[in-house]
Amino acid sequence: MGASTIFAWMIGTIGSIFCTQFVIQAIASTKSAASAKRATWVAFFFCMPIAIAIALIGVAAKYLHPEINSLYALPVFLQDMSPWLAGIVTTSLVASIFVSVSTVALAIASLVVKDFYVPYRNPTPEREFRMTRWLSLLIGFLPLIFVLFVPEVLKLSFFTRAIRLSISVVAIIAFYLPFYKSTRGANAGLIGACVMTSLWYLLGDPFGINNMYVALVTPAVIMLIDRLIPSRQPQRKNAPDSSMQNSGA
């Protein structure tokens, strides 16, 4: 794969873990900044055993079956297990996938409704609930298109990490460069990164540049451009002149 691709995957994995839902929940569910920092460290230490276990599985698969594709390491391991252990592992995987997918789908629908639909349409509670249900159906069926037309599951997995990496870039800029506080720049950076990364992925990573690097650079460049564009300040209304004030008096 090359050092460039491996390094890009490392960057994408770090960024995707930063904005993973259980990390965000660990931060958002606390009552103070100190508690949020402690929760972040706790989430980090819980991530470490999972990362080590996944790495050990990959190393063991390479040693035992050096000729197979890395994507098939887990199915081959399941074949070598006893039926009872293989059944427990498979059931756990299916349960975790269902829980993760349903939770993320509901979170996406809620964020879209609360951040976009409600501020612009000011709907009644009944219309808001109806829109949430329709969006949940759309978000639930939309990934099936990628499953049917994008057979390379591993590359698609890292592509989704690239999308989440752009979210981490915007968040880090907001943390450490607070003067980039433009909502317009943040939204434009996220949308632009999503569009550019998707196009780069569909084009097959031209010039050998992995789409992770596009997701890493695009939001920062767009937010920098937004910083250079002056924002329109609301014009103050002219104060009434003295004659109008005297006549009113």
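Details of the structure are given in the entry above.
What you see is a predicted model; the values in this text were computed from it and never measured.

A.B. asks: Explanation requested: the side chain of Asn 211 in the structure shown.
C.D. replies: Summarising the element assignment, Asn 211 is placed in helix H10 (residues 211-228). Excluding anything up to four places from it in sequence, Asn 211 contacts Phe 158, Phe 159, Ala 162, Thr 197, Trp 200, Tyr 201 and Asp 205.

A.B. asks: I keep staring at helix H3 (residues 33-64) and nothing clicks. Help me out?
C.D. replies: Owing to its 3.6 residues per turn, the α-helix brings residues three or four apart onto one side. Here H3 is 32 residues long and its end C-alpha atoms lie 47 Å apart, about the 46 Å a rise of 1.5 Å per residue gives. Within the sequence span of H3, burial applies to Ala 36, Ala 39, Ala 43, Cys 47 and Ala 61. Against the buried residues of H3 lie helix H1 (3-18), helix H2 (21-28) and helix H4 (73-80).

A.B. asks: It is not clear to me how helix H5 (residues 83-121) should be interpreted in this structure. Could you clarify?
C.D. replies: With 39 residues, H5 extends 54 Å from end C-alpha to end C-alpha; this agrees with the ideal 57 Å at 1.5 Å per step. At Val 113, H5 shows its strongest bend, of approximately 35°.

A.B. asks: Honestly, the packing of aromatic side chains in this entry has me stumped. Any pointers?
C.D. replies: Any aromatic ring pair is given by two values, namely how distant the centres are and how the planes are angled relative to each other. This structure, assessed with the given rule, holds two aromatic pairs. Relative to Phe 207, the ring of Trp 200 has its centre 6.5 Å away and its plane inclined at 40°; by these criteria the two rings are tilted.

Criteria and thresholds
- Residues numbered from 1 in each chain as written.
- Predicted model: local features only at pLDDT ≥ 70, side-chain atom pairs only at ≥ 80, totals over all residues.
- Heavy atoms only, no water.
- Helix = DSSP H or I, 4+ residues; strand = E, 2+ residues; numbered from the N terminus.
- Contact = heavy atoms within 4.5 Å.
- Expected span 1.5 Å × (residues − 1).
- Buried < 20%, exposed > 50% of the residue type's maximum accessible area, 1.4 Å probe, protein only.
- Bend = angle between axes of the 7 residues up to and from the residue.
- Phe/Tyr/Trp six-rings, centres within 6.5 Å; stacked < 30°, edge-to-face > 60°.

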